[in-house]
Amino acid sequence: MKKVFFIGLGLIGGSIALSIKKEYDDYEMIGYDIQDDQTKMAKALNVIDEVASSIKEGAEGADFIILSTPVEQTICILSELGKIKLKTNAIITDVGSTKKKIVEHAKRTLPNHVTFIGGHPMAGSHKSGVIAAKAHLFENAFYILTPNENESEENVNQLKALLKGTKAQFVVMNPEEHDYITGIISHFPHIIAASLVHQAEKNEDHFPLIKRMAAGGFRDITRIASGNPIMWRDILLHNKNIISKLFEQWIEEMKKLQKMVQEENGHEIYTYFHQAKTYRDGLPERQKGAIPSFYDLYVDVPDYPGVISEITGYLAKENISITNIQIIEAREEIYGVLRISFQSEHDRDQANQCIKKYTNYETFIQ
Ligand SMILES: NC(=O)c1ccc[n+]([C@@H]2O[C@H](COP(=O)([O-])OP(=O)(O)OC[C@H]3O[C@@H](n4cnc5c(N)ncnc54)[C@H](O)[C@@H]3O)[C@@H](O)[C@H]2O)c1
Ligand SMILES: O=C(O)C(=O)C[C@]1(C(=O)O)C=C[C@@H](O)C=C1
């Protein structure tokens, strides 16, 4: 029986554990977390089979070790693993959002009789903790692997086989390329999201209604500002050099935009937004790829208690399952808009017909 040891039982570690358990019900899943409540919750939710009282206890004899902690903690844990008697040919991986520093540290600290392959599932959430973990979190997402250049294909394939239950698409790249790409599409956007929230907060004294009036656009672009501050602190510190370059690019971009607006250059402003729309609309949102493929239906509902259970009741009646439901525009005194997400276009279309059948609520497909 294969023994898999998870260090860090949060959103990502828990989701990977659930996907492995779904694929291999005979694997022994051991977990360790510095937060006892996370460990207890992981055991209670059957995310893991057994709890290790220490990293040493869990790591000795493990065939696979998955580090699912904030990236600076991953560095510390690699140092600790380097001092432990690990099973020959054990495969160790991490899930960190940065790769270069982690891969380099693993090379320096781990013994030659084990294999380290950097990993990074390119999906997640602004939520944290094992309570938010889902087995299908990574479905259709890219899962980046950064094996050393001389790593055997057999070891890479063994890790891919272990992670098969994630249903992600594996992509092998070098750590430097990974850190640049993720710097652009993940790390820097998180900086912008947080800065927009700070901008709103700074202006609240003059405009107290700011918080209540924050609607779909602001909420959408700042969702990721609700991410885990420890995680994002570590990511920025690990990817400092690339993020510093992106800051320079961003400052130049903002100066260019500021000039357009100050000069009231309508043509350039229009072109700027038009080109952005074209690029954004071209993202592979509906196929397999970086953004999990889910399908949204928007329902304009009256804002009264029980309207959500009314809608979900109709969908349940017709056995239509949903993956997520959110109120995205709670407009004062008038109506709210439900955004209901589905795993497939078929489910969404079925739901659309169902809601039209039982209600007169207006529905929209974006
Ligand atoms: N959240 C995302 O969307 C996302 C996506 C892909 C990758 N990641 C990466 O995954 C990693 C984990 O992120 P998460 O979202 O699961 O965070 P999380 O906060 O949900 O879980 C992290 C867990 O690690 C535990 N932990 C911290 N230090 C530890 C230590 N020294 N020993 C044992 N456990 C320790 C914490 O108690 C926590 O339970 C991070 O490196 C992050 O960059 C996150
Ligand atoms: O979906 C989110 O909220 C995320 O922030 C996930 C997200 C990202 O898209 O930036 C965050 C960090 C990861 O390393 C990978 C994915």
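Please read all numbers here as calculations on a predicted model, not as lab measurements.

## Focus: the side chain of T363
And then number 1: Here T363 shows up in strand 12 (residues 362-365).
And then number 2: At a separation of 3.0 Å, a polar atom in the side chain of T363 contacts the side chain of K356.
And then number 3: If sequence neighbours within four positions are ignored, T363 has contacts with L297, Y298, V299, N352, I355 and K356.

## Thoughts on the packing of helix 7 (residues 175-202) against helix 11 (residues 240-262)
And then number 1: At their nearest, the axes of helix 7 and helix 11 sit 9 Å apart, and the two run at 55° to each other. Relative to helix 11, the element helix 7 lies oblique. Both helix 7 and helix 11 take part in a crossing whose hand is right-handed. Together, E176, D179, Y180, G183, I184, H187, F188, I191 and I192 of helix 7 and I242, I243, K245, L246, F247, Q249 and W250 of helix 11 make up the contact between the two elements.
And then number 2: Across the contact of helix 7 with helix 11, the residue classes tally to 10 nonpolar, three polar and three charged.

## Digging into the site of ligand 1
And then number 1: Around ligand 1, a shell composed of 29 residues is seen, among which D33, Q35, T69, S97 and G129 lie nearest.
And then number 2: A distance of 2.9 Å separates an oxygen atom of ligand 1 from a polar atom in the backbone of L11.
And then number 3: At 2.7 Å from an oxygen atom of ligand 1 is found a main-chain nitrogen or oxygen belonging to G129.
And then number 4: The fraction of the free accessible surface of ligand 1 (820 Å²) that becomes covered by protein chains is 92%.
And then number 5: Elements with a minimum of two residues in the shell around ligand 1: helix 1 (11-23), helix 4 (71-81), strand 6 (115-121) and helix 10 (229-238).
And then number 6: With three residues, helix 4 is the single largest residue contributor to the shell around ligand 1.
And then number 7: Of the residues belonging to the shell around ligand 1, the class tally is 13 nonpolar, 15 polar and one charged.

## Remarks on the pattern of salt bridges
And then number 1: With the rule as written, the count across this model stands at 14 salt bridges.
And then number 2: The salt bridge partner of K164 is E23, with a shortest N-O separation of 3.5 Å. Taken as a pair, K164 in the loop between helix 6 (153-162) and strand 8 (169-172) and E23 in helix 1 lie far apart in primary sequence, 141 residues in all.
And then number 3: By relative accessible area, E23 is classed as partly exposed at 32%.
And then number 4: D349 serves as the salt-bridge partner of R348, at 3.5 Å between the closest nitrogen and oxygen.
And then number 5: Residue D349 is classed as partly exposed on the basis of its relative accessible area of 30%.

Each value, and the rule that gives it
- Residues numbered from 1 in each chain as written.
- Chains lettered and ligands numbered in written order.
- Predicted model: local features only at pLDDT ≥ 70, side-chain atom pairs only at ≥ 80, totals over all residues.
- Heavy atoms only, no water.
- Helix = DSSP H or I, 4+ residues; strand = E, 2+ residues; numbered from the N terminus.
- Polar contact = N/O pair within 3.5 Å; in protein donor to acceptor, adjacent residues only side chain to side chain.
- Contact = heavy atoms within 4.5 Å.
- Axes fitted to C-alpha atoms, helices over the stretch in contact; angles between N-to-C directions.
- Parallel < 35°, antiparallel > 145°, perpendicular 65-115°, else oblique.
- Left-handed = near helix turned anticlockwise from the far one by under 90°.
- Nonpolar A, V, L, I, M, F, W, Y, C, P; charged D, E, K, R; others polar.
- Near = heavy atom within 4 Å.
- Areas by Shrake-Rupley, 256 points an atom, 1.4 Å probe, with all protein chains shown as cover.
- Salt bridge = Lys/Arg side-chain N within 4 Å of Asp/Glu carboxyl O.
- Buried < 20%, exposed > 50% of the residue type's maximum accessible area, 1.4 Å probe, protein only.

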